[in-house]
2 protein chains.
Amino acid sequence: MTALFPPKEYRARLHRAQQAMAGHDLTALLLTTEPEVRYFTGFLTRFWESPTRPWFVVVPSAGDPIAVIPSIGVHLMQQSWFSDIRCWSAPDYADDGVSLLADTLRGAVPKGARIGLPSGMESHLRMPLDDWARLQAALPDRVFTGDGAILRHLRMVKSEAEIARIRTTCAIADRAFARVPEIAATGVALSEVFRRFQMLCLEEGADWVSYLAGAADQGGYADVISPASDAPLVAGDVLMLDTGAVKDGYFCDFDRNYSVGPATAEVRSAYACALEACDAGFAAARPGARAADLYHAMAQVIGDANGAGRLGHGLGMQLTEWPSLIPADQTELTPGMVLTLEPSAPLPGGRMIVHEENIVITQIGAAYLSAPAPRQIPIL
Amino acid sequence: MTALFPPKEYRARLHRAQQAMAGHDLTALLLTTEPEVRYFTGFLTRFWESPTRPWFVVVPSAGDPIAVIPSIGVHLMQQSWFSDIRCWSAPDYADDGVSLLADTLRGAVPKGARIGLPSGMESHLRMPLDDWARLQAALPDRVFTGDGAILRHLRMVKSEAEIARIRTTCAIADRAFARVPEIAATGVALSEVFRRFQMLCLEEGADWVSYLAGAADQGGYADVISPASDAPLVAGDVLMLDTGAVKDGYFCDFDRNYSVGPATAEVRSAYACALEACDAGFAAARPGARAADLYHAMAQVIGDANGAGRLGHGLGMQLTEWPSLIPADQTELTPGMVLTLEPSAPLPGGRMIVHEENIVITQIGAAYLSAPAPRQIPIL
């Protein structure tokens, strides 16, 4: 499976996790979501789209991790570096892996010891609440608690191998964006542009396109999360496409704007303002800076210093990850963090132009992973 | 937003939910996942791909439901039939909607009354565990409990409007499968076939392609959930593609098999066996039958009567839904249920051929939503 990293990558992740666990007095981590499981195993499959089956990884504070998974996943999990793979035939209405997981935790965690689960923002527990109650009842003498944000801290700093993956995905989207003039013009329905843009991403090498948002409206747009309508592009529209394509399990997340026909002075000015804000965020992005510093650098350009929304975020195995570029986020940036810069320049009537780039924090500052957008809004 | 149903569709869902709530002594339902929220609101966006923000819907036992959502979603939610939309600026590190949700529940649910959350198999709680603990602590005199499988029972029976959506999506995949000979041939990498097949689905009208699995191997395949490798197709391979394309928020989920070059007698026989099993499942599919009956009808053809795995499942707003076609599932089929029939014919060496169709239960039996596969394996 080409998407697997060499075992040393996963060993390094395990080592970092186990070091952190010692500091939090945790004897095991219990992980249930796709990115958490994949972080330690490399287990990459779109099968997570089905909610039917739960999947578990137990990371002990010493020794190798254990996968506790439905038997349908064993063949694929055996391609990973994991040697301890325990399975049950799911779905099992009498006991859907709970006893097997409880036995595994009983073996890995002494009585009285603590089992950490990701419990903070942007996390959730991907197992039924009833089974969660059963698991806790089966292990009354172990302590279930939060993971002390260990997963957050581990995943927030990417390895060189991960950064290379994200760079590859960004380059795929770069090539797709360069071809937008092939698919978007006056009279073409926005929904058709969305379909054709996803086809371009695939043609340029994406494995799949997990996210595409965007908008097209006269002189800027107000809503950036709605599905595409069938309304045709008309002269004066600003078209924005924002994609989370995936290659080998890693996302890009950036957008590009286009003017359908000549752009008004107002649109050109807002576009320039969004790019200037992004430049300011980029200039502020260096080791030692805080996530909030990037927010303020960008907000100073676009205005509305404390109420400009979220102006970027982490990126990697998920479309959005920690940290958030908001005033409250005091995360200190370190080399290896991958971020989006996503300022939006306001326009009258609730309209805006959102601009987004992907960057990586380096030893000396930041570097672009996406090829920076043209300084003037492209005309279709 | 074209993906919205008329308000009467959502009113009917609400009415059914409120009737069921009375039977379970529930004063409100609390919903957190994409399909649960969309079931009552019609709120359709790929923005759920981001794990950053939680979203909530409160369904009271009388009166209209309430959306408690991040402000970034308000514009889109306002397109829905909901009139009570409460929002906060997320992410908020001090209080990410928990107080607003607690206030909402306090207003909708008297002291001592019960709030139901989906808690059984195939469900999960999409909010951080820490916030779940905070919410419970904020409402010590309300009772949080399971939803009595209300959501499961509601969603399992589709309306005519939902069935029409699924039929449309199936027809898109039908057309894409018919064009596989354009993209798959000896020498083409499986990963390229995967990319091109997703492009065909988009070209034929899919909004996006949330799921594509498959395999290609000599005389059958062993693993159906791995990502595609870069290995080129060679004569003697059986190629299988299994897609969950999406149009207007509704999935299809079926597969097709192809022989690269002439098929061996063994492959032709296994293919015939898989289709025959599917026929048997189809013949057994009628109101009053149990999910397990369909399992046994198919297992009798392919052998291994109690250990053949899951031979199909529900389908709709998600790639896989309740029920499961397994011996333990005693769900009684009723008109409006949409199912996949997914038997796999075993071959020596752990290989198999998996065949899948989509059907709907009608008053008099079943009807195909996918156009049934050719009776002989197509040759590429």
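Just so we're clear, the structure is a prediction, and the values are computed from it rather than from any experiment.

Novice: Could you clarify how one ought to interpret the interface of chain A and chain B in this entry?
Specialist: The extent of an interface is frequently quoted as the accessible surface area lost upon association of the parts. In this complex, chain A contributes 65 residues to the contact, which on the side of chain B involves 65 residues. Summed over both partners, the interface of chain A with chain B buries about 5,700 Å², with 59% contributed by carbon and sulfur atoms. Contact with chain B buries area across many residues of chain A, yet Tyr93(A), Met121(A) and Ile225(A) alone supply 13% of it, more than any other trio. Residue Arg196(B) is joined to Glu203(A) by a salt bridge in which the shortest nitrogen-to-oxygen separation is 3.6 Å. Between the two partners, chain A and chain B, sit 30 residue pairs in polar contact (both at pLDDT 80 or more). Those elements giving two or more residues to the side of chain A that touches chain B turn out to be helix H3 (74-77), helix H5 (129-138), helix H9 (190-203) and strand S7 (208-218) of chain A. A total of six residues in the side of chain A that touches chain B trace back to one element, the largest contributor, which is H9(A). Taken together, the residues of the side of chain A that touches chain B break down into 31 nonpolar, 17 polar and 17 charged.

Novice: It is not clear to me how the packing of helix H10 (residues 265-284) of chain B against helix H11 (residues 291-302) of chain B should be interpreted in this structure. Could you clarify?
Specialist: Each pair of packed helices gets described by two things: the angle between the helix axes and the distance between those axes. Residue and element names in this part refer to chain B. Here H10 crosses H11 at 155°, and the two axes come no closer than 8 Å. Relative to H11, the element H10 lies roughly antiparallel. Relative to H11, H10 is oriented so that their crossing is right-handed. Only Asp-293, Leu-294, Ala-297, Met-298, Val-301 and Ile-302 of H11 make contact with H10, whose side of the interface consists of Cys-273, Glu-276, Ala-277, Ala-280, Gly-281 and Ala-284. Among the residues forming the contact of H10 with H11, the class breakdown is nine nonpolar, one polar and two charged.

Novice: Got a minute to help me understand the pattern of salt bridges in this structure?
Specialist: Taken as a whole and assessed by the stated rule, the structure comprises 50 salt bridges over all chains. Put simply, Arg195(A) and Asp207(B) hold a salt bridge, and the shortest N to O gap is 3.1 Å. Here Arg195(A), found in helix H9, pairs with Asp207(B), found in the loop between helix H9 (190-203) and strand S7 (208-218), and the two come from separate chains. Among the residues examined, Arg195(A) registers a relative accessible area of 9% and is labelled buried. Here Glu266(B) and Arg351(B) are joined by a salt bridge, their closest N and O atoms 3.4 Å apart. Linking Glu266(B) in helix H10 with Arg351(B) in the loop between strand S14 (344-346) and strand S15 (352-354), this pair joins segments that are 85 residues apart in sequence. Exposure remark for Glu266(B): the relative accessible area of 37% places this residue in the partly exposed category. Taken together, the salt bridges that share partners define one network made up of Arg175(A), Arg179(A), Glu182(A), Glu203(A), Glu204(A), Asp207(A), Lys247(A), Glu192(B), Arg195(B) and Arg196(B).

Parameters and conventions
- Residues numbered from 1 in each chain as written.
- Chains lettered and ligands numbered in written order.
- Predicted model: local features only at pLDDT ≥ 70, side-chain atom pairs only at ≥ 80, totals over all residues.
- Heavy atoms only, no water.
- Contact = heavy atoms within 4.5 Å.
- Buried area = accessible area lost by both parts, 1.4 Å probe.
- Salt bridge = Lys/Arg side-chain N within 4 Å of Asp/Glu carboxyl O.
- Polar contact = N/O pair within 3.5 Å; in protein donor to acceptor, adjacent residues only side chain to side chain.
- Helix = DSSP H or I, 4+ residues; strand = E, 2+ residues; numbered from the N terminus.
- Nonpolar A, V, L, I, M, F, W, Y, C, P; charged D, E, K, R; others polar.
- Axes fitted to C-alpha atoms, helices over the stretch in contact; angles between N-to-C directions.
- Parallel < 35°, antiparallel > 145°, perpendicular 65-115°, else oblique.
- Left-handed = near helix turned anticlockwise from the far one by under 90°.
- Buried < 20%, exposed > 50% of the residue type's maximum accessible area, 1.4 Å probe, protein only.

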